[in-house]
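Below are the chains, spelled out letter by letter.
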Amino acid sequence: MGGGQDTSQPPMPGSHGYRLQMLALLWMTVTVAAGGGPEGAVQFLAVGDWGGVPDPPFATPREVATAAAMGRAATDLGADFVLALGDNFYYKGVQDEWDPRFQETFEQVFTAPGLRELPWFVLAGNHDHAGNVTAQLAYGHHSPRWHFLHYYYSLRLVLGCPQAVPKSPRGVPQGVPKPPVSRRHFPHYYYSLRLSLPGTNASARLLVLDTVLLCGGGDDFGAGGAPRGPRDAGAAAAQLAWLRGRLAAARHDRYVLVAGHYPVWSVAEHGPTACLVRLLRPLLRHHRVTAYLCGHDHNLQFLEEGGVGYVVSGAGNFVEESQRHGAAVPPGSLRFFFGAPASPGGFAHLRLDAHAATITFLEATGRILYRVALPPRDL
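A short tour of the structure in this document, coming up. This structure is a prediction, so every number in the text was calculated from the model and none was measured. (Residues numbered from 1 in each chain as written. Predicted model: local features only at pLDDT ≥ 70, side-chain atom pairs only at ≥ 80, totals over all residues. Heavy atoms only, no water.)

As a further point, take the overall build of the chain. The helix and strand inventory of the chain stands at 9 helices and 16 strands. Residue burial in the chain is summarised as follows: out of 379 residues, 61% are buried. When contacts within the chain are restricted to residue pairs at least 6 apart in sequence, long-range pairs at least 24 apart make up 76% of them. Per element, the accessible surface of the chain, about 14500 Å² overall, is 54% carbon and sulfur. (Helix = DSSP H or I, 4+ residues; strand = E, 2+ residues; numbered from the N terminus. Buried < 20%, exposed > 50% of the residue type's maximum accessible area, 1.4 Å probe, protein only. Contact = heavy atoms within 4.5 Å. Areas by Shrake-Rupley, 256 points an atom, 1.4 Å probe, with all protein chains shown as cover.)

For strand β11 (residues 300-305), the tally of buried residues reaches 5 of 6 residues, placing the bulk of the element in the interior. Two elements, β11 and strand β12 (residues 308-313), share 6 bridges in a ladder whose sense is antiparallel. Bridge pairing links Phe 302 to Val 311 in β12. The hairpin turn running from β11 into β12, its antiparallel successor, is 2 residues long, and Gly 306 in that turn takes a positive phi close to 65 degrees. Note: β11 against strand β13 (residues 334-338), 4 bridges, orientation antiparallel. What sits directly across from Leu 303, in β13, is Leu 334. (Pairing = 2+ DSSP bridges.)

What the rule picks out here adds up to 6 salt bridges. Residue Glu 305 is joined to Arg 281 by a salt bridge in which the shortest nitrogen-to-oxygen separation is 2.6 Å. Within this pair, whereas Glu 305 is found in strand β11, its partner Arg 281 is found in helix α9 (residues 281-286), the two being separated by 24 residues in sequence. You can call Glu 305 buried: its relative accessible area is 10%. A single network of salt bridges, built from pairs that share partners, joins Arg 281, Arg 285 and Glu 305. (Salt bridge = Lys/Arg side-chain N within 4 Å of Asp/Glu carboxyl O.)

If you look at the biggest cluster of nonpolar residues, it comprises 69 residues, and the most contacted ones within it are Leu 45, Met 70, Phe 110, Leu 115, Trp 120, Leu 284 and Tyr 292. Contact partners of Leu 45, with chain neighbours within four places excluded, come to Met 70, Ala 73, Ala 74, Ala 79, Phe 81, Val 82, Leu 83, Leu 115, Phe 347, Ala 348 and His 349. Judged by nonpolar contacts, the second largest core, of 37 residues, contains Ala 259, Ala 291, Leu 300 and Phe 302. (Core = buried A, V, L, I, M, F, W, Y, C linked by side-chain atoms within 4.5 Å.)

Another aspect to go through is the environment of Ile 368. Among the secondary structure elements, Ile 368 is positioned in strand β16 (residues 368-374). Note on Ile 368: relative accessible area 44%, which makes it partly exposed. Setting aside its immediate chain neighbours within four residues, Ile 368 contacts Thr 360, Phe 361 and Leu 362.

Residue Pro 56 is joined to Pro 57 through a cis peptide bond whose omega torsion reads 5 degrees. Here Pro 57 is to be found in the loop between β2 (42-47) and α2 (61-76). Here the residue pair Tyr 90 and Tyr 91 is connected by a cis peptide bond, since its omega of 0 degrees sits within 30 degrees of zero. Relative to the helices and strands, Tyr 91 resides in the loop between β3 (81-84) and α3 (101-107). Phi at Arg 288 is positive, roughly 55 degrees, even though this residue is not glycine. Secondary-structure assignment places Arg 288 in the loop between α9 and β10 (291-294).

Another point: the packing of aromatic side chains. Applying the stated criterion across every chain yields a total of 19 aromatic pairs. An angle of 90 degrees between the planes, with centres 5.3 Å apart, marks the rings of Trp 50 and Phe 110 as edge-to-face. One end of the pair, Trp 50, is in the loop between β2 and α2; the other, Phe 110, is in the loop between α3 and β4 (120-122), with 60 residues separating them in the sequence. Here Trp 50 matches Phe 110 in class, with each residue buried. (Phe/Tyr/Trp six-rings, centres within 6.5 Å; stacked < 30°, edge-to-face > 60°.)

Among the 6 residues of β2, 6 are classified as buried, and the element is accordingly described as predominantly covered. Neither face of β2 is open: one carries Val 42, Phe 44 and Ala 46, the other Gln 43, Leu 45 and Val 47, and all of them are buried. The pairing of β2 with strand β14 (residues 346-352) spans 5 bridges and is classified as antiparallel. Across the sheet, Ala 46 pairs through a bridge with Ala 348, a residue of β14. Where the polypeptide runs from β2 across α2 and back to β3, its parallel neighbour, the crossover connection is right-handed. (Right-handed = clockwise from strand over helix to strand, strands pointing away.)

Take helix α7 (residues 233-249) next. An ideal rise of 1.5 Å per residue puts 24 Å on 17 residues; α7 measures up with 24 Å between its terminal C-alpha atoms. Within the span of α7, buried status applies to Ala 235, Ala 236, Ala 238, Gln 239, Leu 240, Trp 242, Leu 243 and Leu 247. Sitting at the head of α7, Asp 232 places a side-chain oxygen 3.0 Å from the backbone nitrogen of Gly 234. (Expected span 1.5 Å × (residues − 1). Polar contact = N/O pair within 3.5 Å; in protein donor to acceptor, adjacent residues only side chain to side chain.)

Here's what the structure looks like:
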(Lines give C-alpha, C1' and ligand atoms only; values in the text may rest on other atoms or scores of the structure.)
Protein backbone atom coordinates (compact mmCIF):
# COMPACT_ATOMS: atom_id res chain seq x y z
CA MET A 1 0.00 0.00 0.00
CA GLY A 2 1.14 3.59 -0.56
CA GLY A 3 1.69 6.31 2.02
CA GLY A 4 -0.93 8.17 3.99
CA GLN A 5 -2.91 7.48 7.11
CA ASP A 6 -3.50 3.80 7.98
CA THR A 7 -7.24 3.24 8.30
CA SER A 8 -7.17 -0.56 8.20
CA GLN A 9 -7.65 -1.05 11.95
CA PRO A 10 -11.14 -0.27 13.30
CA PRO A 11 -11.79 1.38 16.67
CA MET A 12 -11.78 -0.84 19.74
CA PRO A 13 -14.95 -1.67 21.70
CA GLY A 14 -15.87 1.07 24.13
CA SER A 15 -14.52 3.95 22.05
CA HIS A 16 -16.72 6.67 20.58
CA GLY A 17 -15.78 5.66 17.03
CA TYR A 18 -16.64 2.05 17.81
CA ARG A 19 -20.14 3.02 18.99
CA LEU A 20 -20.80 5.09 15.86
CA GLN A 21 -19.61 2.38 13.48
CA MET A 22 -21.47 -0.27 15.49
CA LEU A 23 -24.75 1.57 14.92
CA ALA A 24 -24.01 1.88 11.21
CA LEU A 25 -22.95 -1.74 10.82
CA LEU A 26 -26.08 -3.08 12.49
CA TRP A 27 -27.84 -2.07 9.27
CA MET A 28 -25.14 -3.37 6.97
CA THR A 29 -25.67 -6.48 4.88
CA VAL A 30 -23.20 -8.26 2.63
CA THR A 31 -24.55 -10.67 0.06
CA VAL A 32 -22.39 -13.71 -0.63
CA ALA A 33 -23.35 -15.94 -3.54
CA ALA A 34 -22.15 -19.54 -3.35
CA GLY A 35 -22.86 -22.86 -4.96
CA GLY A 36 -26.03 -24.44 -3.57
CA GLY A 37 -26.09 -28.00 -2.31
CA PRO A 38 -28.25 -30.79 -3.73
CA GLU A 39 -32.00 -30.73 -3.23
CA GLY A 40 -32.05 -27.23 -1.80
CA ALA A 41 -29.48 -27.82 0.97
CA VAL A 42 -27.02 -25.48 2.66
CA GLN A 43 -23.89 -27.34 3.74
CA PHE A 44 -20.78 -26.33 5.63
CA LEU A 45 -17.85 -27.62 7.65
CA ALA A 46 -17.23 -26.53 11.26
CA VAL A 47 -13.75 -26.82 12.80
CA GLY A 48 -12.31 -25.28 15.92
CA ASP A 49 -8.96 -24.97 17.70
CA TRP A 50 -7.07 -25.63 14.47
CA GLY A 51 -4.35 -23.02 14.82
CA GLY A 52 -1.06 -24.94 14.55
CA VAL A 53 1.91 -24.04 16.78
CA PRO A 54 4.22 -21.00 16.97
CA ASP A 55 7.37 -22.98 16.13
CA PRO A 56 8.45 -24.66 12.87
CA PRO A 57 6.77 -26.20 10.96
CA PHE A 58 3.89 -24.08 12.43
CA ALA A 59 1.28 -26.77 11.69
CA THR A 60 0.73 -29.97 13.65
CA PRO A 61 0.23 -33.37 12.00
CA ARG A 62 -3.37 -33.27 13.25
CA GLU A 63 -4.02 -29.92 11.61
CA VAL A 64 -2.58 -31.18 8.33
CA ALA A 65 -4.62 -34.41 8.50
CA THR A 66 -7.79 -32.52 9.44
CA ALA A 67 -7.31 -30.06 6.58
CA ALA A 68 -6.92 -32.89 4.07
CA ALA A 69 -10.01 -34.68 5.43
CA MET A 70 -12.03 -31.47 5.27
CA GLY A 71 -11.12 -31.19 1.61
CA ARG A 72 -12.33 -34.72 0.96
CA ALA A 73 -15.55 -34.11 2.89
CA ALA A 74 -16.22 -30.90 0.95
CA THR A 75 -15.87 -32.87 -2.29
CA ASP A 76 -17.75 -36.00 -1.23
CA LEU A 77 -20.48 -34.59 1.02
CA GLY A 78 -20.64 -31.05 -0.33
CA ALA A 79 -19.87 -27.73 1.35
CA ASP A 80 -20.68 -24.09 0.66
CA PHE A 81 -18.36 -22.62 3.27
CA VAL A 82 -16.22 -23.33 6.33
CA LEU A 83 -17.04 -22.05 9.81
CA ALA A 84 -13.85 -21.65 11.88
CA LEU A 85 -14.65 -21.72 15.60
CA GLY A 86 -11.65 -19.84 16.98
CA ASP A 87 -8.12 -20.35 18.26
CA ASN A 88 -6.92 -19.76 14.74
CA PHE A 89 -3.29 -19.22 15.79
CA TYR A 90 -1.72 -20.87 18.82
CA TYR A 91 -0.63 -19.80 21.35
CA LYS A 92 -0.76 -16.01 21.24
CA GLY A 93 -2.51 -15.18 18.00
CA VAL A 94 -0.73 -13.03 15.44
CA GLN A 95 1.29 -9.82 15.86
CA ASP A 96 0.21 -7.87 12.80
CA GLU A 97 -1.46 -8.32 9.43
CA TRP A 98 1.87 -9.31 7.85
CA ASP A 99 2.56 -12.06 10.39
CA PRO A 100 3.96 -15.15 8.57
CA ARG A 101 1.63 -17.36 10.58
CA PHE A 102 -1.17 -16.47 8.15
CA GLN A 103 0.79 -18.34 5.50
CA GLU A 104 2.34 -21.07 7.61
CA THR A 105 -0.73 -22.11 9.58
CA PHE A 106 -3.58 -21.31 7.18
CA GLU A 107 -2.73 -20.58 3.55
CA GLN A 108 -0.21 -23.41 3.13
CA VAL A 109 -2.22 -26.00 5.08
CA PHE A 110 -5.81 -25.77 3.81
CA THR A 111 -4.89 -26.40 0.19
CA ALA A 112 -7.06 -29.42 -0.71
CA PRO A 113 -8.96 -28.97 -4.00
CA GLY A 114 -12.30 -29.20 -2.18
CA LEU A 115 -11.39 -26.21 -0.01
CA ARG A 116 -9.75 -23.87 -2.51
CA GLU A 117 -12.90 -22.03 -3.55
CA LEU A 118 -14.78 -22.08 -0.24
CA PRO A 119 -15.24 -18.92 1.81
CA TRP A 120 -14.26 -19.15 5.47
CA PHE A 121 -16.36 -17.44 8.13
CA VAL A 122 -14.28 -17.01 11.24
CA LEU A 123 -14.57 -16.06 14.90
CA ALA A 124 -11.86 -15.33 17.47
CA GLY A 125 -10.92 -17.60 20.37
CA ASN A 126 -9.06 -16.83 23.57
CA HIS A 127 -5.67 -17.56 21.98
CA ASP A 128 -6.46 -15.11 19.19
CA HIS A 129 -7.26 -12.47 21.80
CA ALA A 130 -3.86 -13.11 23.37
CA GLY A 131 -2.47 -11.53 20.20
CA ASN A 132 -3.75 -8.88 17.81
CA VAL A 133 -7.28 -9.64 16.65
CA THR A 134 -7.45 -6.41 14.64
CA ALA A 135 -4.56 -7.81 12.58
CA GLN A 136 -6.85 -10.69 11.65
CA LEU A 137 -9.44 -8.09 10.68
CA ALA A 138 -6.91 -6.34 8.46
CA TYR A 139 -5.49 -9.46 6.81
CA GLY A 140 -8.55 -9.68 4.57
CA HIS A 141 -7.04 -6.82 2.57
CA HIS A 142 -4.01 -8.98 1.75
CA SER A 143 -5.51 -12.34 0.91
CA PRO A 144 -8.26 -13.66 -1.38
CA ARG A 145 -8.90 -16.37 1.25
CA TRP A 146 -9.51 -14.15 4.28
CA HIS A 147 -12.27 -11.70 5.12
CA PHE A 148 -12.45 -10.14 8.59
CA LEU A 149 -14.04 -6.76 7.91
CA HIS A 150 -15.09 -5.27 11.21
CA TYR A 151 -16.21 -6.09 14.74
CA TYR A 152 -19.74 -7.28 13.87
CA TYR A 153 -22.42 -6.80 11.26
CA SER A 154 -25.00 -8.72 9.29
CA LEU A 155 -24.19 -11.03 6.38
CA ARG A 156 -26.78 -12.51 4.06
CA LEU A 157 -25.59 -15.71 2.38
CA VAL A 158 -27.48 -16.45 -0.83
CA LEU A 159 -26.82 -19.91 -2.26
CA GLY A 160 -27.33 -21.32 -5.72
CA CYS A 161 -24.91 -19.22 -7.79
CA PRO A 162 -21.60 -20.46 -9.17
CA GLN A 163 -19.17 -18.02 -7.54
CA ALA A 164 -18.60 -16.40 -4.16
CA VAL A 165 -18.83 -12.64 -4.65
CA PRO A 166 -19.29 -10.48 -1.51
CA LYS A 167 -21.22 -7.34 -2.38
CA SER A 168 -21.86 -4.22 -0.33
CA PRO A 169 -25.47 -3.08 -0.04
CA ARG A 170 -27.01 0.23 -0.91
CA GLY A 171 -26.94 2.84 1.78
CA VAL A 172 -23.68 1.92 3.51
CA PRO A 173 -22.48 5.12 5.24
CA GLN A 174 -19.42 6.89 3.86
CA GLY A 175 -16.28 5.90 5.71
CA VAL A 176 -17.42 2.39 6.59
CA PRO A 177 -15.00 -0.01 4.87
CA LYS A 178 -16.41 -2.28 2.20
CA PRO A 179 -15.56 -5.98 2.37
CA PRO A 180 -12.81 -7.25 0.08
CA VAL A 181 -13.52 -10.20 -2.18
CA SER A 182 -12.09 -13.02 -0.13
CA ARG A 183 -12.36 -16.67 0.82
CA ARG A 184 -11.78 -16.02 4.49
CA HIS A 185 -14.61 -14.06 6.13
CA PHE A 186 -13.97 -12.61 9.58
CA PRO A 187 -16.13 -9.51 9.16
CA HIS A 188 -16.49 -8.50 12.79
CA TYR A 189 -15.97 -9.84 16.29
CA TYR A 190 -19.57 -11.09 16.05
CA TYR A 191 -21.95 -11.06 13.12
CA SER A 192 -25.00 -12.61 11.44
CA LEU A 193 -25.31 -14.78 8.34
CA ARG A 194 -28.69 -15.27 6.67
CA LEU A 195 -28.77 -18.52 4.71
CA SER A 196 -31.34 -19.02 1.93
CA LEU A 197 -32.13 -22.66 1.24
CA PRO A 198 -31.87 -23.15 -2.55
CA GLY A 199 -35.08 -24.11 -4.31
CA THR A 200 -37.24 -23.27 -1.28
CA ASN A 201 -38.76 -20.25 0.40
CA ALA A 202 -37.06 -21.23 3.66
CA SER A 203 -34.09 -19.52 5.25
CA ALA A 204 -31.66 -20.11 8.08
CA ARG A 205 -29.59 -17.75 10.17
CA LEU A 206 -26.12 -18.13 11.65
CA LEU A 207 -25.18 -15.71 14.45
CA VAL A 208 -21.46 -15.59 15.17
CA LEU A 209 -20.38 -14.37 18.61
CA ASP A 210 -17.16 -13.32 20.26
CA THR A 211 -17.47 -15.13 23.58
CA VAL A 212 -14.13 -13.74 24.77
CA LEU A 213 -15.47 -10.18 24.55
CA LEU A 214 -18.65 -11.43 26.22
CA CYS A 215 -17.10 -13.46 29.07
CA GLY A 216 -13.39 -12.60 29.24
CA GLY A 217 -10.17 -14.45 28.57
CA GLY A 218 -9.20 -17.88 29.86
CA ASP A 219 -6.45 -20.50 29.81
CA ASP A 220 -6.95 -23.14 27.13
CA PHE A 221 -4.45 -25.55 28.70
CA GLY A 222 -5.00 -25.39 32.43
CA ALA A 223 -7.63 -26.34 34.95
CA GLY A 224 -9.03 -23.31 36.71
CA GLY A 225 -8.51 -21.16 33.65
CA ALA A 226 -12.18 -20.20 33.27
CA PRO A 227 -13.06 -16.86 31.66
CA ARG A 228 -12.44 -14.07 34.16
CA GLY A 229 -15.18 -11.68 33.09
CA PRO A 230 -15.23 -9.15 30.23
CA ARG A 231 -12.54 -6.50 30.07
CA ASP A 232 -15.14 -4.03 28.75
CA ALA A 233 -18.54 -4.48 30.39
CA GLY A 234 -20.14 -1.98 28.03
CA ALA A 235 -18.95 -3.82 24.93
CA ALA A 236 -20.18 -7.12 26.41
CA ALA A 237 -23.60 -5.60 27.10
CA ALA A 238 -23.75 -4.20 23.56
CA GLN A 239 -22.99 -7.62 22.08
CA LEU A 240 -25.68 -9.25 24.20
CA ALA A 241 -28.20 -6.60 23.16
CA TRP A 242 -27.25 -7.15 19.51
CA LEU A 243 -27.78 -10.89 19.94
CA ARG A 244 -31.21 -10.40 21.48
CA GLY A 245 -32.22 -8.24 18.54
CA ARG A 246 -30.88 -10.66 15.93
CA LEU A 247 -32.62 -13.62 17.58
CA ALA A 248 -35.91 -11.73 17.61
CA ALA A 249 -35.45 -10.84 13.94
CA ALA A 250 -34.85 -14.51 13.10
CA ARG A 251 -38.28 -15.66 14.28
CA HIS A 252 -39.33 -16.67 10.74
CA ASP A 253 -36.13 -18.56 9.88
CA ARG A 254 -36.47 -22.32 9.65
CA TYR A 255 -33.14 -22.89 11.42
CA VAL A 256 -31.18 -20.63 13.72
CA LEU A 257 -27.58 -21.49 14.59
CA VAL A 258 -25.40 -19.60 17.06
CA ALA A 259 -21.62 -20.03 17.15
CA GLY A 260 -18.95 -18.97 19.63
CA HIS A 261 -15.60 -20.21 20.87
CA TYR A 262 -16.45 -21.10 24.45
CA PRO A 263 -18.93 -23.94 25.09
CA VAL A 264 -22.21 -23.53 26.91
CA TRP A 265 -22.21 -27.21 27.86
CA SER A 266 -19.18 -29.52 27.74
CA VAL A 267 -18.12 -32.59 29.70
CA ALA A 268 -14.43 -32.11 28.89
CA GLU A 269 -11.44 -30.37 30.47
CA HIS A 270 -12.89 -26.86 30.59
CA GLY A 271 -16.50 -27.89 31.05
CA PRO A 272 -19.50 -25.55 30.93
CA THR A 273 -18.84 -21.82 30.68
CA ALA A 274 -20.69 -20.30 33.64
CA CYS A 275 -21.02 -16.92 31.92
CA LEU A 276 -22.72 -18.50 28.89
CA VAL A 277 -24.92 -20.79 30.97
CA ARG A 278 -26.15 -17.65 32.73
CA LEU A 279 -26.41 -15.24 29.79
CA LEU A 280 -26.71 -17.27 26.60
CA ARG A 281 -28.53 -20.49 27.50
CA PRO A 282 -31.84 -18.73 28.39
CA LEU A 283 -31.79 -16.88 25.05
CA LEU A 284 -31.11 -20.07 23.09
CA ARG A 285 -34.04 -21.80 24.75
CA HIS A 286 -36.42 -18.86 24.59
CA HIS A 287 -35.82 -18.27 20.86
CA ARG A 288 -35.87 -22.01 20.02
CA VAL A 289 -32.37 -21.96 18.55
CA THR A 290 -31.57 -25.10 16.57
CA ALA A 291 -27.98 -25.53 17.74
CA TYR A 292 -25.02 -23.78 19.36
CA LEU A 293 -21.60 -24.54 17.83
CA CYS A 294 -18.28 -24.04 19.61
CA GLY A 295 -14.74 -25.26 20.19
CA HIS A 296 -12.37 -24.59 23.13
CA ASP A 297 -12.44 -28.17 24.45
CA HIS A 298 -10.25 -30.30 22.20
CA ASN A 299 -12.62 -33.09 21.22
CA LEU A 300 -15.95 -33.70 19.52
CA GLN A 301 -19.21 -33.67 21.47
CA PHE A 302 -22.94 -33.47 20.94
CA LEU A 303 -25.30 -32.61 23.76
CA GLU A 304 -29.00 -31.79 23.69
CA GLU A 305 -30.86 -29.89 26.38
CA GLY A 306 -34.05 -27.88 26.39
CA GLY A 307 -34.64 -28.45 22.67
CA VAL A 308 -31.24 -26.99 21.72
CA GLY A 309 -28.38 -29.02 20.24
CA TYR A 310 -24.86 -28.26 21.47
CA VAL A 311 -22.00 -29.05 19.07
CA VAL A 312 -18.40 -29.03 20.30
CA SER A 313 -15.94 -29.24 17.40
CA GLY A 314 -12.54 -28.45 18.85
CA ALA A 315 -10.40 -31.29 17.47
CA GLY A 316 -8.69 -29.50 14.57
CA ASN A 317 -5.21 -29.42 16.15
CA PHE A 318 -5.29 -31.27 19.49
CA VAL A 319 -7.38 -34.18 20.81
CA GLU A 320 -8.02 -34.72 24.52
CA GLU A 321 -9.99 -37.50 26.23
CA SER A 322 -10.80 -35.90 29.58
CA GLN A 323 -14.45 -35.96 30.69
CA ARG A 324 -13.74 -34.41 34.07
CA HIS A 325 -16.90 -32.28 33.88
CA GLY A 326 -19.27 -35.13 33.10
CA ALA A 327 -21.32 -34.39 36.22
CA ALA A 328 -21.53 -30.66 35.41
CA VAL A 329 -23.89 -30.98 32.43
CA PRO A 330 -27.64 -31.70 32.65
CA PRO A 331 -28.31 -35.41 33.27
CA GLY A 332 -28.84 -37.31 30.02
CA SER A 333 -27.75 -34.40 27.83
CA LEU A 334 -24.53 -35.95 26.48
CA ARG A 335 -25.31 -37.98 23.35
CA PHE A 336 -21.83 -38.32 21.81
CA PHE A 337 -18.20 -37.82 22.84
CA PHE A 338 -14.97 -38.53 20.96
CA GLY A 339 -11.52 -37.68 22.24
CA ALA A 340 -9.23 -40.62 21.45
CA PRO A 341 -5.66 -39.35 22.08
CA ALA A 342 -4.30 -41.28 19.08
CA SER A 343 -6.86 -39.79 16.69
CA PRO A 344 -5.58 -37.60 13.83
CA GLY A 345 -8.26 -35.00 14.55
CA GLY A 346 -11.80 -34.26 13.45
CA PHE A 347 -14.52 -31.77 12.55
CA ALA A 348 -18.25 -31.50 11.86
CA HIS A 349 -20.29 -31.31 8.67
CA LEU A 350 -23.70 -29.62 8.74
CA ARG A 351 -26.45 -29.93 6.14
CA LEU A 352 -29.58 -27.78 6.31
CA ASP A 353 -32.51 -28.64 4.09
CA ALA A 354 -36.29 -28.28 4.22
CA HIS A 355 -36.65 -31.35 6.44
CA ALA A 356 -33.78 -31.39 8.94
CA ALA A 357 -30.48 -29.94 10.12
CA THR A 358 -28.17 -32.94 9.92
CA ILE A 359 -24.91 -32.82 11.89
CA THR A 360 -22.20 -35.36 11.06
CA PHE A 361 -19.02 -35.71 13.10
CA LEU A 362 -16.04 -37.01 11.13
CA GLU A 363 -12.59 -38.15 12.14
CA ALA A 364 -9.70 -37.00 9.96
CA THR A 365 -9.45 -40.59 8.70
CA GLY A 366 -12.78 -39.98 6.97
CA ARG A 367 -14.64 -42.23 9.42
CA ILE A 368 -18.14 -41.07 10.33
CA LEU A 369 -18.29 -41.02 14.12
CA TYR A 370 -21.84 -39.83 14.82
CA ARG A 371 -24.78 -38.31 13.00
CA VAL A 372 -27.88 -36.60 14.33
CA ALA A 373 -30.82 -34.88 12.58
CA LEU A 374 -32.47 -31.90 14.27
CA PRO A 375 -36.00 -30.88 13.18
CA PRO A 376 -36.92 -27.48 11.75
CA ARG A 377 -38.16 -24.90 14.20
CA ASP A 378 -41.88 -24.84 14.86
CA LEU A 379 -42.74 -21.49 13.25
